Amino acid sequence: MRNVRSLREYSGSSFASRNSVVVAILLLYFCFLVAQVHGQVSVLTSRNDNGRTGANRNETLLTPVNVNSNNFGFFFSQSVDGYIVGQPLYLSNVWIPGAGSHNVVYVATLHDSVYAFDADGNAGSNTAPLWHANFTDPANGITTASGAFLPCPGVTGFPEAGIVSTPVIDANTGTIYVVAKTNENGTVAHHLYALDVATGQQKASILITATYTTNSGKVITFNSLHQMNRPGLLLTNGKIYVAFGSNGCNDGNYSWVLAYDATTLQQVGTFNAAPGKGLASIWQSGGPATDDLGNLYVSTSESTFNANVGGQDYGSSILKLNQSTGKLDVAD
């Protein structure tokens, strides 16, 4: 069991430079604040907003005067079943059936679990998760991706790769979206799940598949064995965007951005950053960003840059993508 103790996200730019991943969330508490002022600002996506700024522009309580070792720090801990790599998320005033209203912290693990914890440590309410969902079924051959089904383990240090990315929450519909990687009787797969924030029950799910055709007519097929969804999920304009790179080394992967309708989970767009050459992993841990006009921004890693007429490879690039036509196209 892993101990839930730190709110810092594993967010280094290099897998190899990290000896360990952050395995916990730290819940912070002001002993002089009453419960009514706890956590008025929800954190629904990686880095706080779709611009991935990391800023909380609504903060009014924290000051250099009250953030000090006397009244700000470790409050309590919880246990989970695996390493936590994605950023914990927070939603206030969630009505939990049979348990009333709670401020909730959501964490996802490499063991393919999602946990919902009471964020305030109220007496009697924090002895167990409010709910826990897991996407494995060992009795039927569904486990986390590990061993021979997880290439490059020495690069990332991951013993398994279930849920790597930061999920995203739609507070209006009470839905948390998460991508889980599993080994299903020898076949590695990614699924996109929509869960109820109050119960963890599945609202919908879809197997992630994709194809992309190059200008020369070559068809590239998405292969989950060689793909990692490290970037945080993006919810914007009624769509969920999911980006992929390799498991941490160049193991036959391609770089993908896939778009899904947030209500139906039907795929509504695909983009491959280097279909001719391969590689060009999108590893940015914060996730795809978006601007006020709905353009997406992603960062690719090593590969060929060949964006001239007839070329479709965008290695080592910052890309501006647009879906105004219904497809995912490079705008700049």
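Residues numbered from 1 in each chain as written. Predicted model: local features only at pLDDT ≥ 70, side-chain atom pairs only at ≥ 80, totals over all residues. Heavy atoms only, no water.

## As for a nonpolar patch on the surface
Right, on to step 1. Taken together, the side chains of Leu61, Leu62 and Val67 make up a nonpolar region of the molecular surface, amounting to roughly 200 Å² of accessible area.
Right, on to step 2. By the secondary structure assignment, valine 67 is in the loop between β2 (28–30) and β3 (72–74).
Right, on to step 3. Judged by relative accessible area, valine 67 falls into the partly exposed class, the value being 34%. (Patch = residues over 30% accessible without salt bridge, like charges linked within 9 Å, V, L, I, M, F, W, Y side chains within 5 Å. Areas by Shrake-Rupley, 256 points an atom, 1.4 Å probe, with all protein chains shown as cover. Salt bridge = Lys/Arg side-chain N within 4 Å of Asp/Glu carboxyl O. Helix = DSSP H or I, 4+ residues; strand = E, 2+ residues; numbered from the N terminus. Buried < 20%, exposed > 50% of the residue type's maximum accessible area, 1.4 Å probe, protein only.)

## Details of the nonpolar core
Right, on to step 1. Counting 38 residues, the largest nonpolar core has Tyr177, Leu192, Ile240, Trp256, Val257 and Phe271 as the members making the most contacts within it.
Right, on to step 2. Elements that contribute at least two residues to this core include exactly β11 (175–184), β12 (187–196), β16 (234–236), β17 (239–244), β18 (256–261), β21 (296–299) and β24 (318–322).
Right, on to step 3. Filtering out sequence-adjacent residues up to four positions away, isoleucine 240 remains in contact with Val168, Tyr177, Leu192, Leu234, Leu235, Leu258, Ala259, Tyr260 and Ala262.
Right, on to step 4. By size, the runner-up hydrophobic cluster in this structure holds 31 residues, among which are Ala119, Leu130, Ile163 and Leu195. (Core = buried A, V, L, I, M, F, W, Y, C linked by side-chain atoms within 4.5 Å. Contact = heavy atoms within 4.5 Å.)

## What about the packing of aromatic side chains?
Right, on to step 1. With the rule as written, the count across this model stands at nine aromatic pairs.
Right, on to step 2. Between tyrosine 106 and tryptophan 131, the ring centres sit 6.0 Å apart and the planes meet at 50°, which makes this aromatic pair tilted. Remark: tryptophan 131 occurs in strand β8 (residues 131–134) and tyrosine 106 occurs in strand β6 (residues 100–108); sequence separation between them is 25 residues.
Right, on to step 3. Residue class for tyrosine 106 comes out buried when judged on its relative accessible area of 2%.
Right, on to step 4. Their ring planes at 80° and their centres at 6.1 Å tell us that phenylalanine 305 and tyrosine 314 sit as a pair that is edge-to-face.
Right, on to step 5. Grouping aromatic residues by their ring pairs yields a cluster made of Tyr212, Phe271, Phe305 and Tyr314. (Phe/Tyr/Trp six-rings, centres within 6.5 Å; stacked < 30°, edge-to-face > 60°.)

## Some remarks on empty space enclosed by the protein
Right, on to step 1. Evaluated as defined, the whole model comprises two cavities of 30 Å³ or more.
Right, on to step 2. Looking at the largest cavity, its volume works out to about 60 Å³.
Right, on to step 3. What lines the largest cavity is simply Ile84, Gly86, Gln87, Pro88, Leu89, Tyr106, Val107, Ala108, Val114, Thr166, Pro167 and Ile176.
Right, on to step 4. Looking at the lining of the largest cavity, the element that brings in the most residues is β6, giving three residues.
Right, on to step 5. Class assignment of the residues belonging to the lining of the largest cavity gives a composition of nine nonpolar, three polar and no charged.
Right, on to step 6. Space inside the second largest cavity adds up to approximately 50 Å³. (1 Å grid on protein atoms, 1.4 Å probe; cavity = no way out; pocket = protein on both sides within 12 Å on 5 of 7 lines; lining within 4 Å. Points joined across faces, edges and corners; volume = space filled by probe spheres on them. Nonpolar A, V, L, I, M, F, W, Y, C, P; charged D, E, K, R; others polar.)

## Notes on the side chain of glutamate 160
Right, on to step 1. Inspection of the secondary structure assignment puts glutamate 160 in the loop between α1 (153–156) and β10 (168–170).
Right, on to step 2. The exposure class assigned to glutamate 160 is buried, which follows from its relative accessible area of 12%.
Right, on to step 3. A polar side-chain atom of glutamate 160 sits 2.7 Å from a polar atom in the side chain of threonine 144.
Right, on to step 4. Non-local contacts of glutamate 160, meaning those with residues more than four positions away in its chain, are made with Leu110, His111, Thr144, Ala145, Ser146 and Leu150. (Polar contact = N/O pair within 3.5 Å; in protein donor to acceptor, adjacent residues only side chain to side chain.)

## Section: the pairing of strand β13 (residues 202–207)
Right, on to step 1. With five bridges connecting them, β12 and β13 associate as antiparallel partners. Within the sheet, the bridge partner assigned to leucine 195 lies in β13 and is glutamine 202.
Right, on to step 2. Counting the residues that bridge the hairpin from β12 to β13 gives five residues, and of these glycine 200 lies at a positive phi of roughly 80°. (Pairing = 2+ DSSP bridges.)

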